[in-house]
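# Coordinate inspection notes
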Amino acid sequence: MKRKKSAVPKPRVVTTKTVMMMKQTGEKIAMLTAYDFLVAKYLDQVGVDVILVGDSLGNVVHGYETTLPVTIDDMIYHAKAVKRGVKNALIVVDMPFMSFQTSIDDAVRNAGRIMKEVGVGAVKLEGGEYIADIVKHLVKIGIPVMGHLGLTPQAINKFGTYEVRATTKDEAEELLHDAKVLADAGVFSIVLEKIPAKLAKRVTDSISIPTIGIGAGPHCDGQVLVVYDMLGLTEEFKPRFVRRYSELAETMRQAFLTYITDVKSKKFPLDKESY
Ligand code: KIV
């Protein structure tokens, strides 16, 4: 597998400490989601820094309209498959809706299950100041936490849309405050989703831990995309922040069509494909 020599460092084991250090050294953090063994393996082979087992699997793997139905068992099931494909990348697993918001006890029990049953490096929690005590407790007992601010899909019913967040002055100040509180509570990094680039820069400049943007502009310390979006598998989903690095939906349709045609026209299998 050929890699671009200059930008991608040699494979190395990535931990939460590595990610925090990358902010200091100025090396951008490349994060993508994965939900299964093979995608995780290929991401790991080419040196992605962080693999997020996102609860976006509810949308792109299970076909739910929102991430709300995703359960802790779903997350553990997919995270176990991802884990089997990864040697180097830091794996972060999303805590799904209602697996941590209810109490510190529930958060500990569910994050503890992810850490014990899967054996990953960290969990990710959506939310601001109101989850600070939960974050503090998880970090205290040895469970690293990534934060997630801005567009938090688990709160879709509160906001009603997936539009850009924190566009007013008050909302921007609140988000900045939340980021500082989360950083003080001990998160090792924060995802900033769909917020103005200027605000993402302010947040990035105001905290000592890395920010990882999705639709948050170029000033974040790292970037994340949903892997099916960047591969062009989620065809109808075309927000401006998704850069498509492939058109896999069309590639797949063409392959399936060719296969069907070959079967119907008796071109598959050939003798050399038979025993
Ligand atoms: O669930 C997910 O994939 C995420 C990313 C969009 C950051 O939270």
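For the structure given in this document, a descriptive report is provided here.

Conventions and cut-offs
Residues numbered from 1 in each chain as written. Predicted model: local features only at pLDDT ≥ 70, side-chain atom pairs only at ≥ 80, totals over all residues. Heavy atoms only, no water. Buried < 20%, exposed > 50% of the residue type's maximum accessible area, 1.4 Å probe, protein only. Helix = DSSP H or I, 4+ residues; strand = E, 2+ residues; numbered from the N terminus. Arc of directions from axis to C-beta. Contact = heavy atoms within 4.5 Å. Near = heavy atom within 4 Å. Polar contact = N/O pair within 3.5 Å; in protein donor to acceptor, adjacent residues only side chain to side chain. Areas by Shrake-Rupley, 256 points an atom, 1.4 Å probe, with all protein chains shown as cover. 1 Å grid on protein atoms, 1.4 Å probe; cavity = no way out; pocket = protein on both sides within 12 Å on 5 of 7 lines; lining within 4 Å. Sits in = over half its atoms within 2 Å of the grid points. Nonpolar A, V, L, I, M, F, W, Y, C, P; charged D, E, K, R; others polar. Pairing = 2+ DSSP bridges. Axes fitted to C-alpha atoms, helices over the stretch in contact; angles between N-to-C directions. Right-handed = clockwise from strand over helix to strand, strands pointing away. Parallel < 35°, antiparallel > 145°, perpendicular 65-115°, else oblique. Left-handed = near helix turned anticlockwise from the far one by under 90°. Points joined across faces, edges and corners; volume = space filled by probe spheres on them. Core = buried A, V, L, I, M, F, W, Y, C linked by side-chain atoms within 4.5 Å.

## Some remarks on helix 2 (residues 37–45)
Among all positions of helix 2, only Ala40, Leu43 and Asp44 are buried. Axial view of helix 2: buried residues confined to an arc of 95°, hence all on one face. Summarising the contacts, the buried residues of helix 2 are in contact with strand 1 (29–33), strand 2 (50–53) and helix 4 (72–84). Looking one or two places after helix 2, you find Gly47, whose phi comes out positive at around 90°.

## What about the site of the ligand?
Taken together, the neighbourhood of the ligand is formed by Thr33, Leu52, Gly54, Asp55, Ser56, Asp94, Lys124, His148, Val191, Glu193, Ile214 and Val226. Residue Asp55 places a side-chain N or O atom 3.1 Å away from an oxygen atom belonging to the ligand. Within the side chain of Lys124, one N or O atom sits 2.9 Å away from an oxygen atom of the ligand. Considered on its own, the ligand offers 260 Å² of accessible surface; in the complex 96% of this is hidden by protein. At a threshold of 2 Å from the grid points, most atoms of the ligand map onto the second largest pocket. A breakdown of the residues in the shell around the ligand according to their chemical character gives four nonpolar, four polar and four charged.

## Comments concerning the sheet that holds strand 7 (residues 211–214)
As summarised here, the arrangement of the eight strands in space is 1-2-3-4-5-6-7-8, forming a closed barrel in which the pairing is parallel. Averaged over neighbouring strand pairs, the angle between their axes works out to 25° when direction is ignored. Pairing of strand 1 with strand 8 (residues 222–225) involves four bridges; the strand directions are parallel. Within the sheet, the bridge partner assigned to Ala30 lies in strand 8 and is Gln223. Across the sheet, helix 5 (residues 104–118) is in contact with strand 3 (90–94) and strand 4 (122–126); its angle to strand 4 comes to roughly 150°. Packed on one face of the sheet, helix 8 (residues 169–185) meets strand 5 (145–150) and strand 6 (189–193) and runs near 175° to strand 5.

## What to know about the pairing of strand 2
Looking down a regular strand, the side chains alternate between one sheet face and the other. Covered by surrounding structure in strand 2 are Val50 and Leu52 together with Ile51 and Val53, the residues of both alternating faces. Following the backbone out of strand 1, through helix 2 and into the adjacent parallel strand 2, one traces a crossover that is right-handed.

## Here we look at the packing of helix 6 (residues 132–140) against helix 8
Working note: a packed helix pair is described by the angle between its axes plus the distance between those axes. Contact geometry of helix 6 with helix 8 gives a least axis separation of 8 Å together with a crossing angle of 25°. The angle between helix 6 and helix 8 places the two elements in the roughly parallel class. You can see that helix 6 and helix 8 cross each other, and the crossing is right-handed. Here Ala132, Val135, Lys136 and Val139 of helix 6 lie close against helix 8, whose contacting residues are Val181, Leu182 and Ala185. Classifying every residue of the contact of helix 6 with helix 8 gives six nonpolar, no polar and one charged.

## Let's talk about empty space enclosed by the protein
Any space left empty among the atoms is revealed by the rolling of a water-sized probe across them. Applying the stated criterion across every chain, the model contains one cavity of 30 Å³ or more. Taken as a whole, the largest cavity encloses approximately 80 Å³ of empty space.

## Side note on the nonpolar core
As a rule of thumb, soluble globular proteins bury nonpolar side chains together. Counting 79 residues, the largest nonpolar core has Ile51, Val123, Leu125, Ile190 and Leu192 as the members making the most contacts within it. A total of seven residues in this core trace back to one element, the largest contributor, which is helix 8. Val123 has contacts with Val92, Val93, Met95, Ala111, Ile114, Met115, Ile143, Pro144, Val145 and Met146, leaving out every residue within four places of it along the chain.

## Some points on the layout of surface pockets
The volume enclosed by the largest pocket comes to roughly 1,400 Å³. Surrounding the largest pocket, 46 residues form its lining, Leu32, Gln223, Leu225, Met230 and Tyr245 being those nearest its centre. Elements with a contribution of two residues or more to the lining of the largest pocket: strand 1, helix 2, strand 7, strand 8 and helix 10 (227–230). Here the residues of the lining of the largest pocket sort into 30 nonpolar, seven polar and nine charged. Size it by volume and the second largest pocket reaches roughly 710 Å³. Here the residues of the lining of the second largest pocket are counted per class, giving 15 nonpolar, seven polar and eight charged.

## Thoughts on the environment of Val48
Along the chain, Val48 falls in the loop between helix 2 and strand 2. For Val48, a relative accessible area of 9% gives the class buried. Along the sequence, Val48 and Ala89 sit 41 residues apart, while their C-alpha atoms lie 6.3 Å from each other. Once residues within four sequence positions are removed from consideration, Val48 is found in contact with Ala30, Met31, Leu32, Leu43 and Ala89.

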